[in-house]
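Residue strings, one per chain:
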Amino acid sequence: KELPTVLLIHQMEQHEGAWTILPLMRDFSVTYGRNSSWIFFCEEDTRIQLVKLLETLGRFDESKEWFLGKALYDEESTIIHHYAFAENPTVFKFPDFAAGWALSMPLVNNKTFTRHSNVQLALDFTIDLKHEIALYIWQKGEGPHLTPVPEFCTDNVSSHKVDHCATTFSNFLPLCGEPVKKEDVFVAVKTCQKFHGDRIPVVKQTWEREAALIEYYSDFADISIPTIDLGVPNTERGHCGKTFAILERFLNHSSARTPWLVIVDDDTLISIFRLRKLLSCYDPNEPIFLGERYGYGLGTGGYSYITGGGGMIFSKVAVENLLASKCRCYSMDAPDDMVLGMCFSGLGIPVTHSPLFHQARPMDYPKDYLSHQIPVSFHKHWNIDPVKVYFTWLAPNTEEQLDGKKVGYNREDL
């Protein structure tokens, strides 16, 4: 048999929404609908045993509609899935993209996928793509459920558990040379007076010590922290005015020689230690805008953006390009992360996604999903002990600190 055709989605970017996959289905149907039996999707760190994968797919009748994957489910209803299936969230299964997932060609050719108006509606907001794709395919019960496939695995290739696996996953923190120096990362924390007493102490007890350069930006100057009043009144939501004031200050003050800027909320929990390793894989001389990617209106010419709670990472060059443009907040309380996404989209600077940043708390994600990650951030203190969450999930462990190399993380005890 001839080898499978391999497609790289970032090279198929007819428009900004290619990463959401649904807009590509029509092309897949037209191009491969007659001569192929399956489309198999995976991540860049997924490892495939091709013979085993073909054997596994061969067990299923390719003339029927199949949606195959490693099943994840919510243990409790969660905000990132709009509290779907609140009565019993465990009933709805969605695929772990790291293990790979497959669609049979009759499903790809189904008019659900090929009708453009359906796709436009589905892509209003893209928050957790794997869940949204499963919902879209399910079509409120008219389409297939996910069929769990035990051969689609996320264990590390060296694990003793992978003999039966067609896929494995490289669950290391990316490292592409020496970690970026502490002094090359400037951290800006957005806060306001009402949170000085409860949120800022958490930052100081947890990750502040990992940052060499850090400033707290507020609506009130408090020398005990210390905070800097940017002269921008606090807004209940959005914070666009404050974020753009931070960007201006980053370029125009002593931090201007620093190649990387990190903007976080006062209830973001982050590992600057791991972030410095991750940043070794990016060139600060390019315009980089990095974090957890969401999408808005991608079926109708919208844009991708980095969601603010998990942390927004900018190269200095990206900030220079942004501020040299005329793109600014349409109001002081506009959503800063969405405005930034819109601006960078207009400048032709793509947002760079990393699944290691998280807009929500660890409990908002399936345990199985987090078990093959070394996370860089989580967000929100709601109903959790944030200090405990930091030390459980984000504090550098001894092994990481000692060798500074790639380290697998084992959370069997979860």
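In the block above lies the structure referred to throughout.
These remarks concern the structure in this document. None of these values were measured; they are calculated from a predicted model.

**Here's the deal with the overall build of the chain**
Next, step 1: From N to C terminus, the chain includes 14 helices and 20 strands.
Next, step 2: Relative to the 2.2 N^0.38 estimate, which gives 22 Å for 414 residues, the radius of gyration of the chain is 22 Å and therefore close to what a compact globule would have.
Next, step 3: Going through the 414 residues of the chain one by one, you find that 54% of them count as buried.
Next, step 4: Considering only contacts within the chain whose residues lie at least 6 apart along the sequence, 72% involve residues at least 24 apart.
Next, step 5: Total accessible area computed for the chain in this model is approximately 19300 Å², and 52% of it derives from carbon and sulfur atoms.
Next, step 6: On the chain, the mean spot of the 39 positive side-chain charges and the mean spot of the 53 negative ones are 1 Å from each other.

**Looking at the state of the cysteines**
Next, step 1: Taken as a whole and assessed by the stated rule, the structure comprises four disulfides.
Next, step 2: Between the sulfur atoms of Cys-176 and its disulfide partner Cys-281 the distance amounts to 1.9 Å. Between Cys-176 and Cys-281, the S-S dihedral sits near 85 degrees, and the bridge is therefore right-handed. Of this pair, Cys-176 sits in the loop between β9 (167–169) and β10 (185–190) while Cys-281 is found in the loop between α9 (272–279) and β15 (289–291), placing the two residues 105 residues apart along the sequence.
Next, step 3: On the basis of relative accessibility, which here comes to 46%, the residue Cys-176 falls in the partly exposed class.

**A short note on the side chain of Ser-304**
Next, step 1: Within the secondary structure, Ser-304 sits in strand β17 (residues 303–306).
Next, step 2: The buried category is assigned to Ser-304, whose relative accessible area is 2%.
Next, step 3: When residues no more than four places from it in sequence are discounted, the contact partners of Ser-304 are Glu-16, Trp-19, Arg-293, Tyr-294, Gly-295, Leu-298, Gly-341 and Val-351.

**A closer look at unusual backbone geometry**
Next, step 1: At the junction of Ile-225 and Pro-226, the peptide bond is cis and its omega measures out at -10 degrees in the coordinates.
Next, step 2: Relative to the helices and strands, Pro-226 is located in the loop between β11 (213–218) and β12 (227–229).
Next, step 3: Not every positive phi belongs to a glycine, and Tyr-83 is a case in point at roughly 55 degrees.
Next, step 4: The topology assignment puts Tyr-83 in the loop between β4 (71–72) and β5 (94–95).
Next, step 5: For Phe-85, which is not glycine, the phi torsion reads 50 degrees and is therefore positive.
Next, step 6: The topology assignment puts Phe-85 in the loop between β4 and β5.

**Description of the packing of aromatic side chains**
Within a pair of aromatic rings, the relevant descriptors are the distance that separates the centres and the angle that separates the planes.
Next, step 1: The tally for this structure, following the rule as stated, stands at 22 aromatic pairs.
Next, step 2: With a centroid separation of 6.1 Å and an interplanar angle of 45 degrees, the aromatic rings of Phe-186 and Phe-250 are classed as tilted. With Phe-186 in strand β10 and Phe-250 in helix α8 (residues 240–252), this pair connects stretches of sequence that are 64 residues apart. The exposure classification of Phe-186 matches that of Phe-250, with both residues buried.
Next, step 3: Clustering of aromatic rings is evident, with ring pairs tying together Phe-28, Phe-41, Phe-67, Phe-97 and Trp-101.
Next, step 4: One cation-aromatic arrangement involves Lys-130 over Tyr-369; the distance from NZ or CZ to the ring centre is 4.1 Å.
Next, step 5: Taking NZ or CZ as reference, Arg-293 lies 4.0 Å from the ring centre of Trp-19, over its face.

Cut-offs applied
- Residues numbered from 1 in each chain as written.
- Predicted model: local features only at pLDDT ≥ 70, side-chain atom pairs only at ≥ 80, totals over all residues.
- Heavy atoms only, no water.
- Helix = DSSP H or I, 4+ residues; strand = E, 2+ residues; numbered from the N terminus.
- Rg over C-alpha atoms; globule rule 2.2 N^0.38 Å.
- Buried < 20%, exposed > 50% of the residue type's maximum accessible area, 1.4 Å probe, protein only.
- Contact = heavy atoms within 4.5 Å.
- Areas by Shrake-Rupley, 256 points an atom, 1.4 Å probe, with all protein chains shown as cover.
- Lys, Arg positive; Asp, Glu negative; His and termini not counted.
- Charge placed at Lys NZ, Arg CZ, Asp CG, Glu CD.
- Disulfide = S-S within 2.5 Å.
- Phe/Tyr/Trp six-rings, centres within 6.5 Å; stacked < 30°, edge-to-face > 60°.
- Lys NZ or Arg CZ within 6 Å of the ring centre and 35° of its normal.

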